[in-house]
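Chains, contacts and geometry: an overview
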2 protein chains.
Amino acid sequence: MSSASDPSSSPVYEVNFGPPRSFGTVLKSKLKETFLPDDPFSELGSEPSLPRKTKKVVQYFVPVVEWLPKYNLNLFKYDLLAGITIASLAIPQGISYAKLANIPPIIGLYSSFVPPLIYCIFGSSKHLAVGTVAASSLIIAASIEEKVSPVDNIELYVSLVFTACLISGLIQTAMGALRLGILIDFLSHSTILGFMGGTAVLICLQQLKGMLGLKHFTTHTDMISVLHSVFANRKEWQWQSAVVGIIFLAFLQFTRFVKQRRPNLFWVSAIAPITVVIVGGLFAYFAHAEKHGIAIVGPLKKGINPPSINRINFDPKYVSAPLKAGLITAMIALAEGIAIGRSFAIIKNEQIDGNKEMIAFGFMNIIGSLTSCYLTTGPFSKTAVNFNAGCRTQMSNVVMSICMMLTLLFLAPLFSYTPLVALSAIIMSAMLGLIEYEKAYHLYKTDKFDFLICMAGFFGVAFISMDVGLMLSVGLALVRALLYVARPATCKLGNIPGSKLYRDVEQYPHATLVPGILPIKLGSPIYYANCQYIRERILRYVRQEQSLVTSKGNVIEYIILDLGDVTSIDITGVETFSEIRRLLEAKDIKMILVDPRLAVMEKLIVTKFIEKIGKESVYLSIDDAIEACRYSLRTSSKTEGVEVV
Amino acid sequence: MSSASDPSSSPVYEVNFGPPRSFGTVLKSKLKETFLPDDPFSELGSEPSLPRKTKKVVQYFVPVVEWLPKYNLNLFKYDLLAGITIASLAIPQGISYAKLANIPPIIGLYSSFVPPLIYCIFGSSKHLAVGTVAASSLIIAASIEEKVSPVDNIELYVSLVFTACLISGLIQTAMGALRLGILIDFLSHSTILGFMGGTAVLICLQQLKGMLGLKHFTTHTDMISVLHSVFANRKEWQWQSAVVGIIFLAFLQFTRFVKQRRPNLFWVSAIAPITVVIVGGLFAYFAHAEKHGIAIVGPLKKGINPPSINRINFDPKYVSAPLKAGLITAMIALAEGIAIGRSFAIIKNEQIDGNKEMIAFGFMNIIGSLTSCYLTTGPFSKTAVNFNAGCRTQMSNVVMSICMMLTLLFLAPLFSYTPLVALSAIIMSAMLGLIEYEKAYHLYKTDKFDFLICMAGFFGVAFISMDVGLMLSVGLALVRALLYVARPATCKLGNIPGSKLYRDVEQYPHATLVPGILPIKLGSPIYYANCQYIRERILRYVRQEQSLVTSKGNVIEYIILDLGDVTSIDITGVETFSEIRRLLEAKDIKMILVDPRLAVMEKLIVTKFIEKIGKESVYLSIDDAIEACRYSLRTSSKTEGVEVV
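What you see is a predicted model, and the numbers here were worked out from it, not measured in a lab.

1. Quick word on the relation of the copies chain A and chain B
- In screw terms, the move from chain A to chain B is a rotation of 180 degrees and a rise of 0.0 Å along the axis, fitting with an RMSD of 0.1 Å. In the structure described here, the two chain copies are related by an operation that fits a two-fold rotation axis. Every residue of chain A has its C-alpha some distance from the rotation axis, and the shortest such distance is that of A:D565, at 2.4 Å.
- Interface residue correspondence from chain A to chain B reaches 100%, placing this contact among same-surface, isologous pairings.

2. Here's the deal with the packing of helix α4 (residues 73–100) of chain B against helix α17 (residues 380–388) of chain B
Residue and element names in this part refer to chain B.
- The contact between α4 and α17 brings their axes to 9 Å, and the two run at 155 degrees. The pairing of α4 with α17 is recorded here as roughly antiparallel in orientation. Read as a crossing pair, α4 and α17 show a hand that is right-handed. Of the residues in α17, those touching α4 at A82, T85, I86 and L89 are K382, V385 and N386.

3. Structural notes on the pairing of strand β6 (residues 590–594) of chain A
All names here are of chain A.
- With 5 bridges connecting them, strand β5 (residues 558–562) and β6 associate as parallel partners. Bridge pairing in β6 links D562 to V594.
- For the segment spanning β5, helix α24 (residues 571–586) and β6, crossover handedness is right-handed.

4. Focus: unusual backbone geometry
Residues and elements named next belong to chain A.
- A cis geometry characterises the amide bond from S524 onward to P525, with omega recorded as -10 degrees.
- Its location among the elements puts P525 in the loop between β4 (517–521) and α23 (528–549).
- One non-glycine residue, N102, lies in the positive phi region at around 60 degrees.
- One can find N102 in the loop between α4 (73–100) and α5 (105–110).
- For K608, which is not glycine, the phi torsion reads 65 degrees and is therefore positive.
- Relative to the elements of secondary structure, K608 occurs in the loop between α25 (598–606) and α26 (609–613).
- In this structure K608 comes out as exposed when scored by C-beta crowding, with 11 C-beta atoms within 10 Å.

5. Comments concerning the packing of helix α13 (residues 239–261) of chain B against helix α14 (residues 266–287) of chain B
All names here are of chain B.
- Running from N to C, α13 and α14 cross one another at 165 degrees; their axes reach a closest spacing of 7 Å. Between α13 and α14, the interaxial angle falls into the category roughly antiparallel. Between α13 and α14 the crossing geometry is right-handed. When α13 is examined against α14, the residues F248, F251, L252, T255, R256, V258 and K259 are found in contact with a partner set consisting of F266, V268, S269, A272, V276 and G280.

Definitions and cut-offs
- Residues numbered from 1 in each chain as written.
- Chains lettered and ligands numbered in written order.
- Predicted model: local features only at pLDDT ≥ 70, side-chain atom pairs only at ≥ 80, totals over all residues.
- Least-squares fit on C-alpha atoms with pLDDT ≥ 70 in both.
- Contact = placed C-beta atoms within 7 Å.
- Axes fitted to C-alpha atoms, helices over the stretch in contact; angles between N-to-C directions.
- Helix = DSSP H or I, 4+ residues; strand = E, 2+ residues; numbered from the N terminus.
- Parallel < 35°, antiparallel > 145°, perpendicular 65-115°, else oblique.
- Left-handed = near helix turned anticlockwise from the far one by under 90°.
- Pairing = 2+ DSSP bridges.
- Right-handed = clockwise from strand over helix to strand, strands pointing away.
- Buried ≥ 20, exposed ≤ 12 C-beta atoms within 10 Å, placed from the backbone.

Keep in mind these values describe shape, not function.
Okay, structure coming up:
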């Protein structure tokens, strides 16, 4: 390219100055990468006929159409066993988490009947087990209680819970349809770890109410209010309840321990909760536990889900509460459900489409909210049990659903004897498994900022409130991403001796520099938020170099900006380049560009920057640029590389 | 590195697997890059003695100590002329913008007396002229009017304006002291362009009140309310006022035109506003304009600024209004002042430290608020006039300040005859210069997203409100930055024939690939927000490649991930690498890493990822990696590169 190139050096390779792509092409490619990163319709192109294309599309949106025709008895054997196992978990969890949301326990059982059937039709994960989750139950309670007390007006309270569930479902469906899976990406593992840990601690403490048989309790969800409430009501403590609770908890933790030591005994911990419920119920029935200070669940009506469409309540007086609950739980439920679905799919080397899962979750919650269910997603514990029990397809959810229907039709009243303390023990045991302090310690050891994000979630949830904790943690993670953009990494390059490679001199201290030439690698992107920084940084390199170099008698004559890393630049960035060029020219330094990437080159051409600096100032490799500069260096002759300190 | 390396190929260069830097070192370097990008104390290290160090520090914080001892009469000649010129601009602008803020016009004059003196001590820009600005005046009025009407209770209203100014000053000082210049970086040029344009349109329309001599007018600041207010009061229109106004406006626009055509006649447009005020005042005095429907400014008291410390009002009933006004104007005033200071410094090849400027602005507004001034910054028009008039140092501000003092002491009552319509014409003319549609068109041609950011600011301000418009525009700019992080650019690399260079095959379509080896360049950073995307993207490359390649009988055996661009990775990123590696292994593909940068390498070592994949899977250059892979390819023999389509 450069006319100054030394004929004896290696050939100089051509830079592509081709005309920029059209705006339409760029926009299409960007939109595709942003919203369709998984390229869902990639297979469609190869299908020749329209009916087959239609079939593919239907199969894509309604996975059951794809897997059901291939279904056989052999697969069903596995799904039957897994389905019964998760049903045995669904009953105690359903009742417990409903208690956590302050709604009648029967709604917890309803919620394991309808939603799994819907998921089975639209869901794409083969291992996900549908059910209610603790964190969302608590968020719903905390939000709705701000407006309506479940004690004073349970009818209205339950209506608002259904409304929150409907709103969640609508948000989830809309997000899936608009392919906003990208929003879920912003809930990082560290955020979820901290949020879940904080929630688990809170829920554990709240269970002290059930364990100690307390009658009065706070509706606040921060740790200080809860602990204060526990100790302020010391007079209400019931030792009988506490003893039974500790025994149950010890049993549950023991089965968990067994599972950890002998993974093939997973079923021991899977059936432990239903065992606790049954044993507790029998004990309560025969020992008349109620008279000894051990409260029970109370009447449970036979019969399957009644319709609840008439209970949906958008009264403007209350609507802010279900709106807030719906929005937060929609996001958390999606993050949990999709992450869990993906984790198990990866083990089996399968693909899960997050956006499709959102639609499935959305439908599940919309229809659920109309049939007396509250928010459901894919809880970790249940899904893990389903997976371990050997489920093969979504059919295991259908089996669970049928089990729940039979329970609702015939066995529901039996569960009315379940002692509350047994439910508390089940919840506590499940929550203790969510406090993953080893993972937090691992974060501390390997990435302090991730640890900070995690701790913001943990302490925010524990000491302020669940939504503030979540926002703090997400906010901190966003700050990290923005800081990355505001301060892109730049480094000085040196030549690895004996090669044509140029690397960061901080990382490779033996790399050498040519006197008078300063190659700098710019980080990406070059955006308005970092233009000031990049200018200051380059000028600082020049100052540093000048102060080192003048003693040796060499002055910087060329600055080589390696743009190979820069994948995006905006208008302010291009303006900054012009400015830097002017500033450098005032110091008699020439600016050379190396390897502008496709998008950057297009912007530099459109803004006429390339015209301004001339095509001869742009090279495809640093080596080419340095050879050309070295050849035309005025002061020092073509010296070999000098060691940098 | 790799034992499989072909002995005949070029030598393989060593990757640096050195131990990670300590947490302290990394933190220090990160903090320095984030908060001290300009390295303000770089010169201190070279100073040997303590007194000289102290002197340097004092000079750094109080620039007047540095420049005043070197000041001489020759410089003063220039500064005197420039100072008188900007004083002639300060009087009409001060009165006009005070009217815009709905405060007594005399406060506008006070505001050009004290703040310039403070700036002269602490400010580091030699060209900045201190004064009030239109946008901030309007924001103050819009915010405070929400709580208190300037018509009903002017005393309280003015107190809250002073309080807003104090809050602005405190925020600016705090931001400077904490070196939060990084926050200002997030106000992009496009945002400011749109925001200023929208504000200018609004202010122009509002001036129709003065031009048409209306008595009743809306306090809303959106375009629809303002236009409705103008046309709803058609009966109040005064043709005399309109005629005078149009004549003044035509005159002002003509002088502006003269300046554009003959830049050395800049003083014609500089003294035009004071000419309009004087001519208007004489006309009003002799023609008894008031009786003909042309309102005048009204009584102006002689005397310099009274103290206003007793008027600062933090009454919780009203404090939200000055708090909001203070926060928004602090940011906007900083962005405007610093950007303008920097622009003129660059022309003269000088340096401006943004954080130091913030402190100077902060002090200026704190002391201003205690001496009956309202918010001041470095307005563009005044600074440009100062620069063109040949100012040499901050002394021109002192000259202006003294002129203002003399005006306040002796001439103030004369300005009471200024017709309001003259002020409206001055404001309108200034605002017309801020609607930079050519720049917006340039954005449209070169960067559609920047154009969108600009338009969000423009229409948000014009149709909703100033704060909403600003937030919309900033929010959109942040979304762009976050989208960049969420979807880093990845590309497939190919070999530029005859070289060892590997470049994007989309940009260099003639680049060749080795069958069975897929080199991919990953974008930076690899963060939680893009891990799912990166995984999907890599798997998609593999699927595409497999479908192309199987027909030729070659299967992908190696994936080479070029990490040369990746300057940052978090824990989720490392976990994703493990996951990708597992997924690829299931497909019998080996993963090779190339050139991990310093920070990334450290994270990979700390998390034991390097241990897991083995040091022999990491190369310093793609060429090394490809040579090694090619040598050990099992299926196809060492074929030469094949053209990609």
